[in-house]
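Residues per chain, in single letters:
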Amino acid sequence: MAAARRQLARRYRFQEGPAALAVRVPEVLDSQYGTYVWPCAVVLAQYLWAHRRSLPGKRVLEIGAGVSLPGVVAARCGAQVILSDSEELPQCLQSCRRSCLMNRLPHVPVLGLTWGRVSPELLSLAPIDVILGSDVFFDPKNFEDILTTIYFLLEKNPHAQFWTTYQVRSADWSIEALLHKWNLKSSHVPLHSFGADKEHLASSSMPGRHTIEMTIISLAQSEGTSLYSTSDCSTR
């Protein structure tokens, strides 16, 4: 019989001057990718914390949420959040629900949304302002499915943006050609601009020495403004 999986509750504390936010998320030491926090999630959560004053009332969807650290931080900062993960990964959807309960967010919806699939749940989504995704670009075979879903959401919500962090893993991985194919543009966000150029964030040991990047993706013809200049987006 396989050994019982060990479940932990990990605490993250974000602080800027006298302002502070503590959140807890469940982690299961399992091979399932979405059952514990990865370095990219802490970096994206730091970005949300740094921009917390812009979040109240924002309609936010997190894709591939897993334990949902960024989505939970957004919700605790006043955003109207929907958490999602693949409908084929019930453990990840359960992780989303546990995170909500741990942080007194029982009314945050959790949806099964599979990348690349136009499902009734995707079609019926309410309008959104921001899409979140931390380390969703971890397997090249999924890159086009992810961007297909992002394009569909941005077409429905032309002024929305996709805020995403990714870990640099290979010099051969890039989404630049796919961005062009799907009429999307990317803007690189320097980590130092939101205090994430450190080895330890949110009172944790992450991101450590991993190389993490952040980018904002939007429709290429969108007239929305960005704080950052448009550049290519490579996961290398």
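Please read these numbers as outputs of a predicted model, since none were measured by experiment.

(A) Expanded view of the overall build of the protein. Along the backbone of the protein there are 6 helices and 10 strands. Counting all 236 residues of the protein, 50% fall into the buried class. Within the protein, residue pairs in contact and separated by at least 24 positions form 74% of the contacts whose partners lie at least 6 positions apart.

(B) The arrangement of the nonpolar core in detail. By size, the foremost hydrophobic cluster in this structure holds 47 residues, and its most contacted members are Y12, V37, L69, V73, W163 and M214. Discounting chain neighbours no more than four positions away, the residues touching M214 are L44, Y47, W163, T164, T165, S187, H188, V189, L191 and F194.

(C) How the structure looks around the confidence of the model for the protein. Here the protein averages 89 in pLDDT, and 88% of its residues register 70 or above. Every residue in residues 223-232 is under pLDDT 50, and counting partners more than four places away or in other chains gives 22 contacts.

(D) Representation of the pattern of salt bridges in the model. Scanning the model with the defined rule gives 10 salt bridges in all. With a closest N to O distance of 2.7 Å, E87 and R117 form a salt bridge. Here the residue E87 occupies a position in the loop between β4 (80-85) and α3 (90-102), and R117 occupies one in the loop between β5 (110-112) and α4 (120-123), the gap between them amounting to 30 residues. A residue is classified by how much of its surface remains accessible, and R117, at 36% relative accessible area, is partly exposed. A salt bridge links K198 to D197; the nearest nitrogen and oxygen atoms lie 4.0 Å apart. Taken together, the shared-partner salt bridges connect E87, E88 and R117 into one network.

(E) Just unusual backbone geometry, in detail. The omega angle of the peptide bond from M206 to P207 is 10°, so this bond is cis rather than trans. Inspection of the secondary structure puts P207 in the loop between β8 (184-188) and β9 (212-219). Although it is not a glycine, D135 sits at a positive phi angle of roughly 55°. Here D135 is to be found in the loop between β6 (130-134) and α5 (143-156). Residue class for D135 comes out buried when judged on its relative accessible area of 1%. At A202, a position not held by glycine, the phi torsion is positive, near 55°. Its location among the elements puts A202 in the loop between β8 and β9.

(F) Inspection of the environment of A65 at higher detail. Mapped onto the elements of the fold, A65 is located in the loop between β3 (59-62) and α2 (69-76). For A65, a relative accessible area of 8% translates into the label buried. Filtering out sequence-adjacent residues up to four positions away, A65 remains in contact with L83, S84, D85 and C96.

(G) Inspection of α3 at higher detail. With 13 residues, α3 extends 18 Å from end C-alpha to end C-alpha; this agrees with the ideal 18 Å at 1.5 Å per step. Every buried residue of α3 is accounted for by C92, L93, S95, C96, S99 and C100. For α3, the buried positions fall inside an angular range of 150° around the axis, keeping them on one side. Exposed residues pointing more than 90 degrees away from the buried face of α3 are listed as P90 and L101.

(H) Spotlight on helix α1 (residues 39-50). Along its 12 residues, α1 runs 17 Å from first to last C-alpha, staying within 8% of the 16 Å computed at 1.5 Å per residue. A large share of α1 lies buried, amounting to 11 of its 12 residues. Turning to α1, its buried residues number three or more, namely P39, C40, A41, V42, V43, L44, A45, Q46, Y47, L48 and W49.

(I) A look at the packing of aromatic side chains. For the structure on display, the rule yields 5 aromatic pairs. Ring centres of F143 and W173 lie 6.3 Å apart, and the angle between their planes is 85°; on these two criteria the pair is classed as edge-to-face. Of the two residues, F143 sits in helix α5 while W173 sits in the loop between β7 (161-167) and α6 (176-181), which places them 30 residues apart along the sequence. Given a relative accessible area of 22%, W173 falls into the partly exposed group. Measuring from centroid to centroid gives 5.4 Å for Y151 and W182, while their planes differ by 45°, and the two rings are tilted. Pair noted here: Y151 is in helix α5 and W182 is in the loop between α6 and β8, with a separation of 31 residues, a long-range link. Among the aromatic residues, those joined into a ring-pair cluster are Y47, W163 and F194. In this structure, R52 packs its charged tip against the face of W49, placed 3.9 Å from the ring centre.

Parameters and conventions
- Residues numbered from 1 in each chain as written.
- Predicted model: local features only at pLDDT ≥ 70, side-chain atom pairs only at ≥ 80, totals over all residues.
- Heavy atoms only, no water.
- Helix = DSSP H or I, 4+ residues; strand = E, 2+ residues; numbered from the N terminus.
- Buried < 20%, exposed > 50% of the residue type's maximum accessible area, 1.4 Å probe, protein only.
- Contact = heavy atoms within 4.5 Å.
- Core = buried A, V, L, I, M, F, W, Y, C linked by side-chain atoms within 4.5 Å.
- pLDDT = per-residue confidence, 0-100.
- Salt bridge = Lys/Arg side-chain N within 4 Å of Asp/Glu carboxyl O.
- Expected span 1.5 Å × (residues − 1).
- Arc of directions from axis to C-beta.
- Phe/Tyr/Trp six-rings, centres within 6.5 Å; stacked < 30°, edge-to-face > 60°.
- Lys NZ or Arg CZ within 6 Å of the ring centre and 35° of its normal.

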